[in-house]
Amino acid sequence: MKVLHFSWEYPPSIVGGLGRHVYYLTKYLARLGADISVITTSLGEVSEEVIDGVKVYRVNPFTLRSSNFITWVLNFNYLMLTKAIDLSKKEGKPDIIHVHDWLTAYTGITLKHVLKVPLIATIHSTEIGRRGGIWTEDQKIIHDWEWRVTYEAWKVIVCSDYMMREVSRVFMLLPEKIIKIPNAIELEDIETSSPGSGFKEKYALPHEKIIMFVGRLVYEKGLDLLIEAFNILVNKSKRDDIKLVIAGDGPMREYLISMVYKYGLENKVYFTGRIDDNELFSLMKVSYVGVFPSRYEPFGIAVLEAMACGLPVIVPNYGGPNEVVEHGVEGFKVFLNPCEIAERIAQLLDNVDLRNSMSVNARKKIRNLYTWDKIARFTLGIYRSVLKEVSKRDWKHLWEVKALS
Amino acid sequence: MITALHVSWEYPPYRIIGQLAWKVQELVRSLRDFCKLAVVHPGPENKKYTDNGIEVYMFRDTGYLRKNFIVYSHELVYEALIKLPYLLPYSGFTVVHGHEWIGGMIALVLARAFRNPFVLSIYSLERTRSSMDNMLSFVIESIENCLLEEADYILCHHEDLSNDLYKCFGEKVIKCNAVKDVQKLYLKIVGATT
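To start, this report covers the structure provided alongside it. (Residues numbered from 1 in each chain as written. Chains lettered and ligands numbered in written order. Predicted model: local features only at pLDDT ≥ 70, side-chain atom pairs only at ≥ 80, totals over all residues.)

### Comments concerning unusual backbone geometry
Formally: Helical segments are the DSSP runs of H or I of at least four residues, strand segments are the runs of E of at least two, and each set is numbered from the N terminus.
In this model, proline 11 of chain A is joined to proline 12 of chain A through a cis peptide bond whose omega is 10°. Examined against the element boundaries, proline 12 of chain A turns out to sit in the loop between β1 (2-6) and α1 (17-31). Cis peptide bonds are those with omega within 30 degrees of zero, and the linkage from proline 12 of chain B to proline 13 of chain B qualifies with 10°. Secondary-structure assignment places proline 13 of chain B in the loop between β1 (3-7) and α1 (20-31).

Encoded structure:
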């Protein structure tokens, strides 16, 4: 089975969780014997390579000039489209096209019709969810592309029940068109990373217990709430034995740093910027608690990674993490209230037995339920059922009929 | 038999924005007795009609309310490509001929999909049309450059531009002073492809 994936990010060019998702999914699909190709963007060159059994074709997203993010996305989609058509002529057309989010919707939908190939779309998040509504022309354009791709797709894959409800409500999709396949993580990477001696001291003093966060520094991740909670612990509860380590980068960094200075926490909060996976997993392994207070989180791969590292987690009581974490078993589910977050952090820091039992439970759950091999097998099953359905339908395409004469 | 698919952003009477509509119409009408033709252009509805014996396929474009013209141009490509497989009943052309950059964007994809040579007609360039003092012009210019690179043949309908284009793109640039230049090119393509 030939499957062509489109993704705007793919290692080493990674922006968020989407790139990792596509990388591992395609890698494990290839391991299962599917013929997988990915068309993605590069950092400025055109290239073709095979990574972990997956054929990766990169277009240069800076070939065409762009006036803003949306025109940039549409411009590289156009390049992806011509690349995909050339590829289908050279290597035969794919059996399935799989796109991820609105960012490659333009290419996916047009290719579906030009090549007459069924389309599958994974919606990782929605513009309405990210922004809390549609307020600007640009958001409307993104929303329109999201609607188009969910309308045109044979099946829409989402990562959680929360997203199933959201996608169904926002795009008015029938429930039978939506399939839930959770995200997963690569255990191999986590197991091989190990914090060497003195690793913890890079981030905290010997007596300090690390509270950690990882993610993009954007409003929806709710990091301002965590800093508020941390302020309560340090300045009101007068705890000197804690350190907040924030891994990741994003547009809210300046604002968050100013918050830290406002509360006088500059010696207690460490902004690491972007760090590589090995460093991240090692950091998770020396931390005491992971806090992910997202205002909007369709799934939250970072939560899975933290749990796989044996880190008890504090997550919101809604969204994707709400479905992954069992309250009081692998972590705590909270209302996004700094007081409650602070209270739960203190509870985990002070109760060693609770922390240890949650750590064991968290590792066990991830190993049993959230591995890429399982997810890839399930996805392959979806591809097969779609192909079966397509073969029964009468999909008329005039270009197969005749030549102008 | 030479069969040519012409793709234009405008074509009378349904979509007239500037001179291009009339120029394209004049050209295809003058080619009518020379080869088999089909014309594709956007308009207010999906419809097939004939213009002096020429088959014309109009697809409905809905994105023209966008404030961002580049977004509109991509949405136009999208609308064309999702509708034409169910509207245009042929795919076996000798040549796909796009007019100016917006028509060229659609024509390039069709030419690749049909495995046909892609001819791009240039009547003006962004740097001659505008003062190049805004991002829109730079984006359009970069799209034009991309299409000029990708085109198999460039038909230059503007006397002053042809020398500049020839310097950049060499032999594939053909000066087009009269319809016989287009005919000559089509015959050359048939010769090259048979």
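There's plenty left to go through after this.
### Examining the nonpolar core
Put simply, the test is: A set of buried residues drawn from Ala, Val, Leu, Ile, Met, Phe, Trp, Tyr and Cys, joined through C-beta atoms within 7 Å, is what defines a nonpolar core. Our exposure labels follow a C-beta count within 10 Å of each residue's own C-beta, placed from the backbone: buried means 20 or more other C-beta atoms, exposed means 12 or fewer, and partly exposed covers the counts in between. Domain boundaries shown here were taken from an automatic or database domain assignment. Contact between two residues is assigned whenever their backbone-derived C-beta positions fall within 7 Å.
Counting 184 residues, the largest nonpolar core has Ile211, Val303 and Ile345 of chain A together with Val96 and Leu110 of chain B as the members making the most contacts within it. Sort the elements by how many residues they give to this core and helix α3 (residues 100-114) of chain B lands first, with 11 residues. When we break this core down by domain, the ones giving at least three residues each are domain 1 (2-184 + 372-400) and domain 2 (187-369) of chain A. Ignoring sequence-local partners within four residues, the contact set of isoleucine 345 of chain A consists of Ile211, Ala229, Leu233, Val289, Val291 and Ile314 of chain A.

### Here we look at the sheet that holds strand β13 (residues 313-316) of chain A
All names here are of chain A. Let me state the cut-off plainly: In short, DSSP must find at least two bridges between two strands for them to pair. Note on definitions: angles span 0 to 180 degrees between N-to-C directions of axes, and those axes are lines fitted to C-alpha atoms, for helices only across the stretch in contact.
Across the sheet, six strands lie side by side as β11-β10-β9-β12-β13-β14; this open sheet has parallel pairing. Here the strands that pair on one side only, and so sit at the sheet edges, are β11 (269-273) and β14 (331-334). Across the sheet, the axes of successive neighbouring strands diverge by a mean angle of 25°, strand direction being ignored. As paired strands, strand β9 (residues 209-214) and strand β10 (residues 242-247) are joined by six bridges and run parallel to one another. Within the sheet, the bridge partner assigned to valine 214 lies in β10 and is alanine 247.

### Overview of the interface of chain A and chain B
Of the residues lining the interface, 29 residues belong to chain A; the matching set on chain B comes to 34 residues. Of all the secondary-structure elements, those providing two or more residues to the side of chain A that touches chain B are α2 (69-91), α3 (105-115) and α5 (137-152) of chain A. No other element matches the nine residues that α2 of chain A contributes to the side of chain A that touches chain B.

### Re α1 of chain B
Residue and element names in this part refer to chain B. Convention followed: Residue count minus one, scaled by 1.5 Å, sets the expected span of a helix. In this description, one arc is meant: the one made by directions from the helix axis to the C-beta atoms.
If you check α1, its first and last C-alpha atoms are 17 Å apart, about what 12 residues at 1.5 Å a residue would give, namely 16 Å. When α1 is considered as a whole, its buried residues turn out to be Leu20, Ala21, Val24, Gln25, Leu27, Val28 and Leu31. The buried side chains of α1 occupy one side of the element, clustering within an arc of 165° when seen end-on.

### Here's the deal with the sheet that holds β1 of chain A
The strands making up a sheet associate through backbone hydrogen bonding, with each pair oriented either parallel or antiparallel. All names here are of chain A. Sheet architecture is open: eight strands sit in the order β3-β4-β2-β1-β5-β6-β7-β8, paired in mixed fashion. In the strand order of this sheet, the two ends are held by β3 (47-51) and β8 (178-180), each with one partner. Shown here is a sheet whose adjacent strand axes are inclined to one another by a mean of 25°, direction ignored. Pairing between strand β5 (residues 96-100) and strand β6 (residues 119-122): four bridges, direction parallel. Residue pairing across strands places valine 99 opposite alanine 121, the latter belonging to β6. Sitting on the sheet, helix α6 (residues 161-171) is in contact with β7 (155-158) and β8, with an inclination near 165° to β8.

That's the geometry; what it means functionally is another story.
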